[in-house]
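Summary of structural features
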Amino acid sequence: MSEEIHPGLEDVVAAETQISFLDAEHEQIVVRGYDLIELARSSTYADVAHLLLFDHVPSEEERAAFARQLGDHAHLPEGVADILRRLPSDTVAMDALRSGLSILAGFENAEVLADHSREANLAKAVRILAKSPTLAANAYRALHGQPFVQPNPGLSFAANFLQMIYGRPADAETIAVFDRIMICYADHELANSTFAARIVASTFADIYGAIVAATAALKGPLHGGANEAAARMFAEIASRGGPAAAEPYLLERLAAKDRIMGFGHRVYMHRPDPRADLLKADLDAIAARDPDAAAMVQTYEIVVAVMEREKGLHPNADLPIGLILSLVGIPIDLFTPIFLCARNAGLLAHVIEQHEHNRLYRPRVVYTGPRDRRL
Ligand SMILES: CC(C)(COP(=O)(O)OP(=O)(O)OC[C@H]1O[C@@H](n2cnc3c(N)ncnc32)[C@H](O)[C@@H]1OP(=O)(O)O)[C@@H](O)C(=O)NCCC(=O)NCCS
């Protein structure tokens, strides 16, 4: 047994996969053979989800059938809606989503739940993918005493999700940028939450349990929670006076050895995240339309420049996403739930792959505690 420890499993290869790969050297995120940025520029979230789950971009017919399936399964069982209404109002939206996903498992037939065949898993994956936005948006609504908004199967995945969040139809520009964000989040190789899902799946626990574990992992500010933290940072800088306050704010936090959320990444720590570069163009487009947003985007640029100068760190996707979602008026508490709903496509594909080519994850330790103690 090798006794070499790799803290944080940095650079450890823990899975063989056909789903995605971060090619940091070439600054490319490969998803099922495609460049994720290309997909974000010219595809839709539903097509990318189909690609991740079924390993090919859908034909016209498949696209229509997939949209129908997602629409058919988007509603929540009444029992889940009831439970959401009973959650304590202090519940964090991400925790409500995690609990809701766990409860949904109970609405599967027990045999279907325990069936880990590709076919059964794909059917459950479509149901999880379809219901998660309804759950996320309406959990938030329940926690804030707002009426539920039912899914509209006639809308695209992004348009429907936004309508349930806003409680009214979203405009075309917001739908387009939200769809792009969902694609950027769709999969990212063996991210911490994906690994968590694969670890749970490796015991042949069911796909719901694996997704619940991933949801718990994604909440942390070092991972998915970074988009909410980034948004709160922009709000804080705005409250201190806007762009002119950005540099002093950052220098103060760096002097206190704080981490600035939305910067750095285990795989491309000192290289740009291609998703952040892509989404900067969306920030510029929003700034061009709205003078209030322009000041926030100016703050963004100062924050990026100071972090590069002071730490040599580049923004990851969570920095522009945190700001864009704020600027389009989505409540901050929903940012990480949105991340989960988008990442579902990749997570579900990884769980299916794990079940198909399974070996239990069970690493070892270097024990540094005492021995031979006596009672
Ligand atoms: C993502 C992250 C957890 C990866 O961390 P990691 O690979 O374990 O790297 P480390 O924590 O060992 O950091 C290496 C160095 O960079 C610094 N660093 C990394 N990210 C930083 C950040 N966001 N702000 C300030 N300093 C940072 C660390 O302080 C450390 O400096 P040191 O060597 O002087 O102590 C880390 O970059 C981070 O905390 N980022 C902020 C959270 C975030 O945006 N997460 C979303 C990722 S998509």
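Being a predicted model, the structure only gives us computed values, none of them experimental.

With that settled, consider the nonpolar core. A general trend in soluble globular proteins is that nonpolar side chains are found buried together. Tyr 45, Leu 129, Phe 178 and Ile 330 are the most contacted members of the largest nonpolar core, which totals 118 residues. Looking at this core element by element, the count peaks at 13 residues for helix α7 (residues 118-143). Each of domain 1 (25-221 + 331-356) and domain 2 (226-327) gives at least three residues to this core. Ignoring sequence-local partners within four residues, the contact set of Phe 178 consists of Ala 158, Phe 161, Leu 162, Ile 165, Leu 325, Ile 330 and Ile 338.

The subject of this paragraph is the pairing of strand β1 (residues 20-23). Put simply, side chains in a regular strand alternate between the two faces of the sheet. Of the pairings in the sheet, the one linking β1 to strand β2 (residues 28-31) comprises four bridges and is antiparallel in character. Bridged to Asp 23 within β2 is Gln 28. Between β1 and β2, which pair antiparallel one after the other, the connecting turn spans four residues, and Glu 27 there sits at a positive phi close to 50°.

This brings us to the packing of aromatic side chains. Scanning all chains against the criterion turns up six aromatic pairs. Plain terms: the ring middles of Phe 161 and Phe 178 are 5.5 Å apart, the flat faces sit at 80° to each other, and that makes the pair edge-to-face. Pair noted here: Phe 161 is in helix α8 (residues 157-166) and Phe 178 is in helix α9 (residues 172-185), with a separation of 17 residues, a long-range link. This pair shows no difference in class: Phe 161 is buried, exactly as Phe 178 is. Their ring planes at 85° and their centres at 5.3 Å tell us that Phe 195 and Tyr 361 sit as a pair that is edge-to-face. With Phe 195 in helix α10 (residues 192-201) and Tyr 361 in the segment after α17 (335-356), this pair connects stretches of sequence that are 166 residues apart. Across from the ring centre of Phe 148, 4.4 Å away, lies the NZ or CZ of Arg 85, which sits over that ring. A cation over an aromatic ring shows up here: Arg 168 above the ring of Tyr 166, its NZ or CZ 4.4 Å from the ring centre.

It is the contact of α7 with helix α11 (residues 207-218), at a shortest axis distance of 10 Å, that shows an interaxial angle of 45°. Taken together, the axes of α7 and α11 lie oblique to each other. When the axes of α7 and α11 are compared, the crossing they make is right-handed. Only Ile 207, Tyr 208 and Ile 211 of α11 make contact with α7, whose side of the interface consists of Asn 121, Lys 124, Ala 125, Arg 127 and Ile 128. Residue classes in the contact of α7 with α11 are distributed as five nonpolar, one polar and two charged.

This brings us to the site of the ligand. Residues in close proximity to the ligand total 19 residues, the closest being Arg 259, Ile 260, Gly 262, Phe 263 and Arg 266. Separating a nitrogen atom of the ligand from a backbone N or O atom of Leu 222 is a distance of 2.9 Å. Within the contact set of the ligand, an oxygen atom lies 2.7 Å away from a backbone nitrogen or oxygen of Gly 262. Isolated, the ligand exposes 850 Å² of accessible area, and the fraction of that covered by the protein chains is 67%. According to the grid-proximity analysis, the pocket containing the ligand is the largest pocket. Grouping the constituent residues of the shell around the ligand by class yields nine nonpolar, five polar and five charged.

Right, let's get into the domain arrangement of the protein chain. Here the protein chain is described as being made up of domain 1 (25-221 + 331-356) and domain 2 (226-327). Taking only C-alpha atoms into account, the centre of domain 1 sits 26 Å from that of domain 2. Across the interface of domain 1 and domain 2, roughly 2,200 Å² is buried in total on both sides, 64% from carbon and sulfur atoms. A salt bridge links Arg 271 to Glu 27; its shortest N-O distance comes to 3.9 Å.

Calculation rules
Residues numbered from 1 in each chain as written. Predicted model: local features only at pLDDT ≥ 70, side-chain atom pairs only at ≥ 80, totals over all residues. Heavy atoms only, no water. Core = buried A, V, L, I, M, F, W, Y, C linked by side-chain atoms within 4.5 Å. Buried < 20%, exposed > 50% of the residue type's maximum accessible area, 1.4 Å probe, protein only. Helix = DSSP H or I, 4+ residues; strand = E, 2+ residues; numbered from the N terminus. Domains from an automatic or database assignment. Contact = heavy atoms within 4.5 Å. Pairing = 2+ DSSP bridges. Phe/Tyr/Trp six-rings, centres within 6.5 Å; stacked < 30°, edge-to-face > 60°. Lys NZ or Arg CZ within 6 Å of the ring centre and 35° of its normal. Axes fitted to C-alpha atoms, helices over the stretch in contact; angles between N-to-C directions. Parallel < 35°, antiparallel > 145°, perpendicular 65-115°, else oblique. Left-handed = near helix turned anticlockwise from the far one by under 90°. Nonpolar A, V, L, I, M, F, W, Y, C, P; charged D, E, K, R; others polar. Near = heavy atom within 4 Å. Polar contact = N/O pair within 3.5 Å; in protein donor to acceptor, adjacent residues only side chain to side chain. Areas by Shrake-Rupley, 256 points an atom, 1.4 Å probe, with all protein chains shown as cover. 1 Å grid on protein atoms, 1.4 Å probe; cavity = no way out; pocket = protein on both sides within 12 Å on 5 of 7 lines; lining within 4 Å. Sits in = over half its atoms within 2 Å of the grid points. Buried area = accessible area lost by both parts, 1.4 Å probe. Salt bridge = Lys/Arg side-chain N within 4 Å of Asp/Glu carboxyl O.

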